[in-house]
Amino acid sequence: MADHEDRTEGARFAASVPQRHEPFPLKGCGALDWGMQSRLARVFRPDTRRTVMLAIDHGYFQGPTTGLERVDLSIVPLLPWADALMTTRGMIRSTIPPASRVPVVLRASGGPSILKELSDEQLAVSMEDAARVNACAVAVQVFIGGEHETQSVRNMTRLVDAGQRYGIPVLAVTAVGKELTRDARYLRLATRICAELGAHFVKTYYCEKDFDTVAAACPVPLVMAGGRKLPERDALTMAYHAIENGAAGVDMGRNIFQSDSPQAMIRAVGAVVHKSSKPDDAYDQYLREPAPAG
Ligand code: R5P
């Protein structure tokens with residue numbers, strides 16, 4: 001209700017103090033709309049501007065992957081340690097507790113199974129449905145160099161256009177495909193194309209040589225893909241080097257949920273990402289966590 005009596009004092013207006021405005025200081029996001037920045041600030045922790053995303057979307061093309069047979073039993077207990085969960089709308093509605101509060105990065109492309117040509121994807125979710133499940137971002141596969149390269153890029157640009165309308169950021173997932181050489185030259189090409197065409201952040205693999213140039217040449221945040229299961233110490237080392245060389249976080253699946261102790265592993269990954277823990281220290285932390293019951 002408006003003041004009937006003017007009891008404010010001039011000093012309360014602080015007329016000489018310029019109005020504060022603090023955009024979310026994430027790489028490349030300063031010009032985005034408020035809703036976009038707000039959602040990105042849920043995926044990327046504001047204190048570190050980094051993220052540990054837990055990827056469990058494998059079922060959308062390869063069915064019940066090892067470790068994801070019962071997401072209610074294997075994944076839901078890990079959610080308190082995930083900064084974001086990358087998953088499908090089917091898994092969200094059937095299994096993820098709405099009260100978990102974990103920000104969702106929604107898988108929004110699909111089509112072919114592992115029995116077919118994987119690059120032949122289409123968009124598989126409308127932006128309205130992404131908003132309905134309260135997604136903080138949507139994810140789309142981009143197959144640079146793949147058989148259906150142009151179609152997958154078109155999927156991404158359509159999703160970006162829809163995301164711009166709704167204030168929902170788009171994660172481009174690139175460098176997927178067995179036949180591709182994942183060296184820095186290829187990763188620079190793939191990630192830069194995604195960013196130039198509007199992706200708000202990009203997921204890509206780590207390469208040992210010159211990963212810093214991949215991150216530097218991409219004007220939006222990069223999150224490192226986990227890939228096939230490695231020994232825990234090696235996976236933590238890979239994450240460490242990715243972060244030290246410019247990645248803004250990780251989006252790991254099998255290296256967390258196929259670990260002997262997924263809870264210890266996600267916490268150790270979190271120490272690498274948010275505290276820059278050295279790989280040996282993070283691995284010691286992993287070993288110190290109690291083994292899962294049963
Ligand atoms: C990659 O193409 C998909 O998004 C995967 O289903 C998933 O995100 C991969 O996770 P990871 O390789 O760490 O198991």
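Residues numbered from 1 in each chain as written. Predicted model: local features only at pLDDT ≥ 70, side-chain atom pairs only at ≥ 80, totals over all residues. Heavy atoms only, no water.

### A closer look at the overall build of the chain
A count of helices and strands for the chain gives 12 helices and 10 strands. Reported as C-alpha extents along the three principal axes, the dimensions of the chain are approximately 70 × 50 × 40 Å. Across the 294 residues that make up the chain, the buried fraction comes to 51%. Taking all contacts inside the chain whose residues are at least 6 apart in sequence as the whole, residues at least 24 apart take part in 66%. Carbon and sulfur atoms form 49% of the exposed surface of the chain, whose accessible area is close to 14900 Å². (Helix = DSSP H or I, 4+ residues; strand = E, 2+ residues; numbered from the N terminus. Buried < 20%, exposed > 50% of the residue type's maximum accessible area, 1.4 Å probe, protein only. Contact = heavy atoms within 4.5 Å. Areas by Shrake-Rupley, 256 points an atom, 1.4 Å probe, with all protein chains shown as cover.)

### Comments concerning the side chain of Asn-255
Within the secondary structure, Asn-255 is located in helix H10 (residues 254–257). A distance of 3.0 Å separates a polar atom in the side chain of Asn-255 from the backbone oxygen of Arg-228. Excluding residues that lie within four positions of it along the chain, Asn-255 makes contacts with Gly-226, Gly-227, Arg-228, Lys-229, Leu-230, Ala-235 and Met-265. (Polar contact = N/O pair within 3.5 Å; in protein donor to acceptor, adjacent residues only side chain to side chain.)

### Some points on the nonpolar core
With 77 residues, the main nonpolar core has Leu-54, Ile-75, Leu-106, Val-138, Met-156 and Val-269 as its most contacted residues. Other than its neighbours up to four places away in sequence, Leu-106 contacts Thr-87, Thr-88, Arg-89, Ile-92, Val-125, Ala-130, Val-133, Ala-135, Ala-137, Val-138 and Ala-139. Leu-40, Met-53, Leu-171 and Val-223 belong to the second largest nonpolar core, which has 21 residues in total. (Core = buried A, V, L, I, M, F, W, Y, C linked by side-chain atoms within 4.5 Å.)

### A word on the pairing of strand S2 (residues 84–87)
Of the two faces of S2, the one holding Ala-84 and Met-86 and the one holding Leu-85 and Thr-87 are both buried throughout. Strand direction decides the pairing type here: S2 and strand S3 (residues 104–107), joined by three bridges, are parallel. In the strand pairing of S3, Thr-87 is matched with Leu-106. Traced from S2 through helix H4 (residues 89–95) to S3, the parallel crossover comes out right-handed. (Pairing = 2+ DSSP bridges. Right-handed = clockwise from strand over helix to strand, strands pointing away.)

### A look at the pattern of salt bridges
Across all of its chains, the model carries 12 salt bridges by this definition. With a shortest N-O distance of 2.8 Å, Asp-129 and Arg-132 are connected by a salt bridge. Here the residue Asp-129 and the residue Arg-132 both occupy positions in helix H5 (residues 127–132), the gap between them amounting to three residues, near one helical turn. Here Asp-129 falls in the buried class, since its relative accessible area comes to 7%. For Arg-132, a relative accessible area of 59% puts it in the exposed group. Glu-289 is the partner of Arg-267 in a salt bridge, and the nearest nitrogen-oxygen pair spans 2.9 Å. One end of the pair, Arg-267, is in helix H11 (residues 262–275); the other, Glu-289, is in the segment after helix H12 (279–288), with 22 residues separating them in the sequence. Taking the relative accessible area as the measure of exposure, Arg-267 reaches 30% and is therefore partly exposed. (Salt bridge = Lys/Arg side-chain N within 4 Å of Asp/Glu carboxyl O.)

### As for the pairing of strand S7 (residues 170–174)
Most of S7 is tucked away, with five of its five residues classed as buried. Of the two faces of S7, the one lined by Val-170, Ala-172 and Thr-174 and the one lined by Leu-171 and Val-173 are each fully buried. Where strand S6 (residues 135–142) and S7 come together, five bridges link them in parallel fashion. What sits directly across from Gln-141, in S7, is Val-173. Viewed along the sheet, the connection from S6 through helix H6 (residues 149–166) into S7 turns out right-handed. Bridge analysis of S7 against strand S8 (residues 201–204) gives three bridges, and the strand direction is parallel.

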